[in-house]
Amino acid sequence: MQDESAEEFPYRTEYKKKSIRSYVIRAGRMTEGQRRAFDTYWGKYGLSLFDGPLNPVEAFGREAPLVLEIGFGMGDSLLAMAQAEPDKNFIGIEVHPPGVGRLINNAGKAGIDNLKIYMADAVDVLNDCIGDGILDRFQLYFPDPWHKKKHHKRRIVQPQFVRLICSKLKTGGVMHMATDWQNYAEHMLEVLQAESLLENTSSNDDYVERPEWRPETKFERRGQRLGHGVWDLVYRRLPGEAPALASSEETVEKPSKPAPEVE
Ligand SMILES: C[S@@+](CC[C@H](N)C(=O)[O-])C[C@H]1O[C@@H](n2cnc3c(N)ncnc32)[C@H](O)[C@@H]1O
């Protein structure tokens, strides 16, 4: 349950019904600044899952290389990248409203024009809004590790998910993931190595140093304080068709309630 009532706060996380989700909507309170940011800046930055296929040239008002990041958290690292690479257009997708509020607040104050945001389930956005072969770079940094074995099915990185991202990448486009959980890094490596449409950029066919385009993220710093390592994986999309892999997951309809659950 989200803690803002629909009357006071009309901006809702968008998603379709599904049996396995990679997230829970946390009941974290929003600051006054984050709440106000939706009224001030959502019109400029916000995109809706329910508007269907996105035309990036119309959305951004220009043609430019397109970068998509899932799960930007509080958004500081995505904002830093949008500022550092003004020649690229950035799409961020996040289900956590306070993070979205913080990012659009800071982006709006900084006058950023190369950023758009979905406050929605990223898998739904990929399926319904993002055209095939249009992404130059895909970013997934420190996704929820779901470290208990019984929760591993909730990890967002699965063969079907990776194939879906491949279908959205241009040939030669980059798939970049990072995690601070060794077991998740090994899982990512296994899934990515098995995808025939991807080529590992690591000379050892495993991990790479943090590329210059990725700033440190909030969760990365948290992991470092806990003594975790960091594993970056960077792959290149090879030529070829990306037919969907059979999925254990069915998406069926709009939600009847505003949010799935709270932890
Ligand atoms: C552990 S946090 C990492 C945040 C940020 N990337 C960082 O490194 O600081 C993972 C984020 O992914 C978001 N997330 C998980 N599954 C998602 C999904 N299917 N669609 C959109 N966001 C998702 C969560 O809400 C959470 O904010």
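- The name an unreviewed UniProt entry gives the protein is tRNA (guanine-N(7)-)-methyltransferase, with Microbulbifer variabilis as the organism.
- Here the protein is described in UniProt, under the heading Catalytic activity (unreviewed entry), as follows: "guanosine(46) in tRNA + S-adenosyl-L-methionine = N(7)-methylguanosine(46) in tRNA + S-adenosyl-L-homocysteine".

**A word on the pairing of strand β4 (residues 115-118)**
Thinking step 1. Of the two faces of β4, the one lined by Leu115 and Ile117 and the one lined by Lys116 and Tyr118 are each fully buried.
Thinking step 2. Bridge count for strand β1 (residues 46-47) against β4 is two bridges, and the pairing is parallel. The partner of Gly46 across the bridge, within β4, is Ile117.
Thinking step 3. Pairing between strand β3 (residues 89-93) and β4: four bridges, direction parallel.

**Structural notes on the site of the ligand**
Thinking step 1. Close to the ligand lie 23 residues; Gly71, Gly73, Ala122, Thr217 and Phe219 are nearest.
Thinking step 2. Only α5 (122-128) and α8 (218-225) provide two or more residues apiece to the shell around the ligand.
Thinking step 3. The dominant element in the shell around the ligand, judged by the number of residues it contributes, is α8, at three residues.
Thinking step 4. For the shell around the ligand, the residue count by class is 12 nonpolar, six polar and five charged.

**Some details on the pairing of strand β6 (residues 169-179)**
Thinking step 1. With six bridges joining them, strand β5 (residues 135-141) and β6 adopt parallel strand pairing. Looking at the pairing, Leu140 lines up with Met177 of β6.
Thinking step 2. For the segment spanning β5, helix α6 (residues 159-168) and β6, crossover handedness is right-handed.
Thinking step 3. Inspection of the sheet shows β6 paired to strand β8 (residues 231-237) by six bridges, in the antiparallel sense. Within β8, the position partnered with Thr179 by the bridge is Trp231.

What counts and what doesn't
Residues numbered from 1 in each chain as written. Predicted model: local features only at pLDDT ≥ 70, side-chain atom pairs only at ≥ 80, totals over all residues. UniProt positions renumbered as here; feature names shortened; annotations may be inferred. Buried ≥ 20, exposed ≤ 12 C-beta atoms within 10 Å, placed from the backbone. Helix = DSSP H or I, 4+ residues; strand = E, 2+ residues; numbered from the N terminus. Pairing = 2+ DSSP bridges. Near = placed C-beta within 6 Å. Nonpolar A, V, L, I, M, F, W, Y, C, P; charged D, E, K, R; others polar. Right-handed = clockwise from strand over helix to strand, strands pointing away.

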